[in-house]
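Spelled out from the first residue to the last, the chains are:
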Amino acid sequence: MSSLYVTPRRLGAPLSRAFKKNEPRRFISNMLNTPESHHALMSSPPAAEPPALSRMPTTTLIRSLLLTSCMSSEWIMRPSLAIMNLIVKSKSPLLNPDKNPILNKILRWTIYDQFCAGTNRQEVARSVAEFKKFGYQGIILNHAKEIVLSADAAKAIEAEGEKQYAPECYEMITKWKEGTLSTLPMLEKGDFLALKLTGAGPIAVDALRAQKPIPAAIQSALDEICHATAAEGSHLWIDAEQQVLQPGVDEWTIALMRKHNAGLSAPLVFNTIQAYLKASKANTDRHIRLAAAEGWAVGIKLVRGAYIEHETRSLIHDTKEETDAMFDDIADMLLTQRMPDGCAPDAKFPAAALFLATHNGPSTMLALKNARRYPIT
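Quantities reported herein were computed from a predicted structural model and do not represent experimental measurements. (Residues numbered from 1 in each chain as written. Predicted model: local features only at pLDDT ≥ 70, side-chain atom pairs only at ≥ 80, totals over all residues. Heavy atoms only, no water.)

**Here's the deal with the pairing of strand β3 (residues 235-238)**
Note: strand β2 (residues 192-195) against β3, four bridges, orientation parallel. The residue bridging A194 from the neighbouring strand is W237, located in β3. When β3 meets strand β4 (residues 269-274), the two strands line up parallel, connected through two bridges. In the sheet register, W237 faces β4, and the bridge partner there is F270. (Pairing = 2+ DSSP bridges. Helix = DSSP H or I, 4+ residues; strand = E, 2+ residues; numbered from the N terminus.)

**A look at helix α11 (residues 246-260)**
If you check α11, its first and last C-alpha atoms are 20 Å apart, about what 15 residues at 1.5 Å a residue would give, namely 21 Å. Turning to α11, its buried residues are Q246, G248, V249, D250, W252, T253, I254, L256, M257 and H260. (Expected span 1.5 Å × (residues − 1). Buried < 20%, exposed > 50% of the residue type's maximum accessible area, 1.4 Å probe, protein only.)

**Here we look at helix α3 (residues 58-71)**
Across its 14 residues, α3 extends 20 Å between first and last C-alpha, which sits within 8% of the 20 Å expected from 1.5 Å per residue. Taken as a whole, α3 has its buried residues at T60, R63, S64 and L67. End-on, the buried residues of α3 take up no more than an arc of 100 degrees, which puts them together on one face. Away from its buried face by more than 90 degrees, α3 exposes T58 and L65. Residues of α3 that are buried in the fold lie against α5 (101-115). (Arc of directions from axis to C-beta. Contact = heavy atoms within 4.5 Å.)

**Some words on the nonpolar core**
Of all hydrophobic cores here, the largest spans 54 residues; its most connected members are W176, L197, I218 and L302. Tallying contributions element by element places helix α13 (residues 320-335) first for this core, with seven residues. Every residue in contact with L197, bar those within four places of it in the chain, is listed here: W176, A204, L208, L222, I238, E241, V249 and W252. Core analysis: the second largest hydrophobic core is formed by five residues, F192, A194, W237 and A353 among them. (Core = buried A, V, L, I, M, F, W, Y, C linked by side-chain atoms within 4.5 Å.)

**Here we look at the pattern of salt bridges**
Under the defined criterion, the tally for this structure stands at 13 salt bridges. The closest approach of N and O atoms between D318 and K278, which form a salt bridge, is 3.9 Å. With D318 in the loop between β5 (298-303) and α13 and K278 in the loop between β4 and α12 (280-294), this residue pair connects regions lying 40 residues apart in the sequence. Residue D318 is classed as exposed on the basis of its relative accessible area, which comes to 55%. Ionic pairing is found between D285 and K281, a salt bridge with its closest N-O pair at 3.0 Å. Taken as a pair, D285 and K281 lie in helix α12 at a separation of four residues, close to a single helical turn. For the pair D285 and K281, a shared accessibility class is recorded, and that class is buried. (Salt bridge = Lys/Arg side-chain N within 4 Å of Asp/Glu carboxyl O.)

Here it is in structure tokens:
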């Protein structure tokens, strides 16, 4: 049968111009005389697929709009954080969400339901099912426990030096490990388990701050978490921390990737790179060089950054445009498998995977364009 070529044409132009000149004219009449063609001509065109946002409940959209508007306004955000801090530290039953049902309801609908999947397995399962109903194909779960240090606390840790830790500190590591492991069964194959190293408590925080090797108790817990994650067919990413801790986090995560990503075609363990930091490109280069030289898969979760209120400002790019350019350059490097400057010409790019975490439309579209052109996970 001859091929049919449809070309753009003006309304009212002869139908024959829509077909190649060397095609038999009977092809048109033959097509129109089949039962299938009558059915096609009489059928209504398929309904357009509804917009993606129409799948979301109106209450979720309203809450998201409300919170993102507040968080983008400094004059609203600062007093809001002060109020939250007052609620957290207050001894008054009136400001205790566990004793004040009205306050509990307000906080749960606004803050908790926006950022947390649930307080137990049933609530988490319900949240996961709801998100997948929206059309999301993967889920990220994090046993939400971390420590955010003030500048004064960071200085205190630096001054204290060596410590002897009470048994309660080791119990915190055990509870952190068990909470993380209890999250794994809520994931499906290919999903991500996120991990905050500071959730392990003061032993972790002190060692990270001092950039010491992973303490034995934490190493044992991390190995158990990695093995369990691999057995579930999921992935583990290590979340970013403040810069007072991040160099230690990088060292620990590289040690985990060196051990648990060795010889893999796709990484089990991912590190988080924050593109708003001036040193983020050099940090990415180091990850790639080490992975290529030592034979392990490098996993990168790329974000712009989340701790600007707690960071040393000089470590962060001066403008948003500089952060955007850094984010796009790092993404391009991983997607196009471009080795860092200074590597040998015959150096081979390591097995790698990139997880983009961004709200930025242009960055997303640029990354998708490169992902379609180059073979990478």
